[in-house]
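# Structural overview for review
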Amino acid sequence: MTGPLLFKDIDTPGLAGLDTYRRVGGYATVLAVLGRQTPDQCIEIVKASGLRGRGGAGFPTGLKWSFVPKGTERPKYLVCNADESEPGTFKDRELIEKNPHSLIEGMILAGWAIQSNAGYVYLRGEFGWLQKILDQAIAEAYAAGLLGRDVAGTGFRFDLHTHLGAGAYICGEETALLSSLEGYRGQPRLKPPFPAVEGLYRCPTIVNNVETLVNIPHILGQGAAWYRQWGTEKSAGTKVFSVSGPVKRPGNYELPLGVPLRVLLEEHCGGMRDGLKLKAVIPGGSSVPPLPASLLDTPLDFESMNAVGTFLGSGGVIVIDEQTCMVDSLWNLMRFYAHESCGKCTPCREGTYWMTGILERLERGQGRASDIDLLADLADNILGRSFCPLGDAAAMPVQGFLKHFRAEFEHHVGQRCLANRRRDSRMGVPA
Amino acid sequence: MSGAPAPHTAPAGPVGPVAWPSALQPKVAEALSHYPNRRSAVLPLLWIAQREWGWLPPEVLRLVARTVELPDAEVFGVATFYTMFNLKPVGKYHLQVCMTLSCSLMGADRLFQHLSGRLGIGHGETTPDGRFTLRRVECLAACGGGPCLQVNEEKFHENLDEAAVDRLLERLP
């Protein structure tokens, strides 16, 4: 895989090691910025770059950093969200596995910008093997004086530790992540106060996604204007798109924001495999509404996706073919949300369970004509009424599936699904 | 992904009253040193314990509670929240098959059925010889390589079909 920025050197042999990382220019930005540019200057550059959070919400990164109170005596924390739990998303894993030092460098710089002396990387529980790779890189950085009491001889202190979750989608939500990091059940907290004011250990905390942080050395090293050569006015830079499903070449692709969905799928991924026809694309991880094939020319950026009723989200692009049943696909996703609902609030805990039951009976040919309206009503009542975004994440796909594929749901009332490649699928050997 | 993954879990057996073995004490101390309070070390200590004993019987949960100076119930509450903590013994090889949409589109359901038939066990069950536990799990973040599975805590095995998973099982020591 290659890409213009984050993936430029990603397949360089030995890049996970400090020497090779330095040979391709790694840690040059730390040396150029620490002690030479003020934290406020750094925040202004990141604001001017237009970088928006890459974890799914797309909040402007520099603006988020500016919410950290200045002049407080309390410790400030920087937390990297490497929970990567949104189905369809597998980019952070490749970024850490192949280039762990870029994350460390990004965190040192972000730590400097918000004047934090301690960072944590929260990895999902299934990433125990990845934690070893990152811990090894952190140990190298400590040994080279790039982490610890005196980062690169500048007098700035920055300590970094990894923290392994243990299997919970909800911990990708930033306040649930902080609960988990503090040793509690991973349940979300009320916002406000937002973590920037009151987060980890009730101290000011910035939580940023892996991909967001690995952009920072490039932005602070080369400047905001240089970064804006990629992307659009409101969606600056590149994005790593994780493509899965029956395309010829699934995988991670780093492309400028604003590239049409069709270019990603047809030029980069080689189109559909096995002669299949494309039916739908979930463009931003399983929590966003799907798009029908007729909207394939929509540009992949925050605004264009919103204009067609969906979200850029995490950039997890799930491709669904004509022979796959949409009722069955939504049932699969709803099982996920019901399983992962943390149980804290009623709309999400009961709603996901209820919607799973309705979808199961529709798929089995035991549904009632009233089930489709009931499903829509449930989704409408969960959206905006759950404690955290998990409820919204379960409701939005329901609305999108019904909006674009309602006829398929109606067809299922009282009759068993006849055509479903997924159920009968042969194993996926890449074409 | 070649070569057999090393088992992380010891064979499950009864565990009596426990203390941290001396070999693990540096790891325990290091985990505690990463945080400004003891409670934050609950998850790391549960992982250290699970890697040592293979699962987390009540005696071990109480050991973790003593170590972080919390009531037992707090640690039981945490351990039961997260799906990856084994509150029952598991086999030497814990096969965790991703069933979420991307993998399912590429044949995860058939892969699971094949494994279930070959091993003669269903979801959450362990073979009588204690060698394998089979489990359906939700998205592993390996969607582009579906269908996929994770053995214990090792790196994912991706792009699997019946033949590939058969070869994988045969490679395990």
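Residues numbered from 1 in each chain as written. Chains lettered and ligands numbered in written order. Predicted model: local features only at pLDDT ≥ 70, side-chain atom pairs only at ≥ 80, totals over all residues. Heavy atoms only, no water.

So, about the packing of helix α5 (residues 91-98) of chain A against helix α9 (residues 210-222) of chain A. Residues and elements named next belong to chain A. The interhelical angle for the contact between α5 and α9, taken along N-to-C directions, is 45°, at an axis separation of 9 Å. Between α5 and α9, the crossing angle belongs to the class labelled oblique. Here α5 contributes K91, D92, L95 and I96 to the contact with α9, which in turn contributes V210, E211 and V214. For the contact of α5 with α9, a count of residues per class yields 4 nonpolar, no polar and 3 charged. (Axes fitted to C-alpha atoms, helices over the stretch in contact; angles between N-to-C directions. Helix = DSSP H or I, 4+ residues; strand = E, 2+ residues; numbered from the N terminus. Parallel < 35°, antiparallel > 145°, perpendicular 65-115°, else oblique. Contact = heavy atoms within 4.5 Å. Nonpolar A, V, L, I, M, F, W, Y, C, P; charged D, E, K, R; others polar.)

So, on to the sheet that holds strand β2 (residues 118-123) of chain A. Two orientations exist for strands paired in a sheet by backbone hydrogen bonds: parallel and antiparallel. Residue and element names in this part refer to chain A. Across the sheet, 4 strands lie side by side as β3-β2-β1-β4; this open sheet has parallel pairing. Strands at the two margins of the open sheet, each flanked by one partner only, are β3 (159-164) and β4 (205-209). With strand direction ignored, the average angle separating the axes of adjacent strands in the sheet is 20°. When strand β1 (residues 77-82) meets β4, the two strands line up parallel, connected through 5 bridges. Paired with V79 across the two strands is V207, which belongs to β4. Packed on one face of the sheet, α9 meets β1 and β4 and runs near 95° to β4. (Pairing = 2+ DSSP bridges.)

This paragraph deals with the domain arrangement of chain A. Residues and elements named next belong to chain A. Each assigned domain of chain A is listed with its residue range as follows: domain 1 (18-227), domain 2 (238-321) and domain 3 (326-421). For domain 2 versus domain 3, the separation of C-alpha centres amounts to 22 Å. Between domain 2 and domain 3, the contact holds 17 residues from the first and 14 residues from the second. Where domain 2 meets domain 3, there are 1 salt bridge. E408 is paired through a salt bridge with K279; the nearest N and O atoms lie 3.0 Å apart. Taken together, the links from domain 2 to domain 3 amount to 3 residue pairs in polar contact (both at pLDDT 80 or more). Those elements that provide at least two residues to the side of domain 2 that touches domain 3 are β7 (278-282) and β9 (316-321). Top element by residues in the side of domain 2 that touches domain 3 is β7. It accounts for 3 residues. (Domains from an automatic or database assignment. Salt bridge = Lys/Arg side-chain N within 4 Å of Asp/Glu carboxyl O. Polar contact = N/O pair within 3.5 Å; in protein donor to acceptor, adjacent residues only side chain to side chain.)

Often, the extent of an interface is quoted as the loss of accessible area on bringing the components together. Listed per partner, the contact involves 50 residues of chain B and 64 residues of chain A. Summed over both sides, the interface of chain B with chain A buries roughly 4,500 Å², with 59% coming from carbon and sulfur. Taken as a group, F81, L101 and L105 of chain B account for 16% of the area that chain B buries against chain A, more than any other trio of residues on that side. One can count 2 salt bridges joining chain B with chain A. Between E97 of chain A and K155 of chain B there is a salt bridge, with the nearest N and O atoms lying 2.5 Å from each other. Our count for the contact surface shared by chain B and chain A stands at 21 residue pairs in polar contact (both at pLDDT 80 or more). Among the elements of the structure, α2 (42-53), α4 (72-81), α5 (101-105) and α6 (108-119) of chain B are those that each provide at least two residues to the side of chain B that touches chain A. The greatest single-element share of the side of chain B that touches chain A, amounting to 5 residues, is contributed by α2 of chain B. (Buried area = accessible area lost by both parts, 1.4 Å probe.)

All names here are of chain A. Judged by how many residues are buried, β2 sits mostly within the fold: 6 of 6 residues are covered. The pairing of β1 with β2 spans 6 bridges and is classified as parallel. Following the sheet pairing, C80 is matched in β2 by V121. Relative to β3, β2 is paired through 6 bridges, and the arrangement is parallel. Each bridged residue has a counterpart across the sheet, and for V121 the counterpart in β3 is T162. Note on the crossover from β2 through helix α7 (residues 128-143) to β3: the handedness is right-handed. (Buried < 20%, exposed > 50% of the residue type's maximum accessible area, 1.4 Å probe, protein only. Right-handed = clockwise from strand over helix to strand, strands pointing away.)

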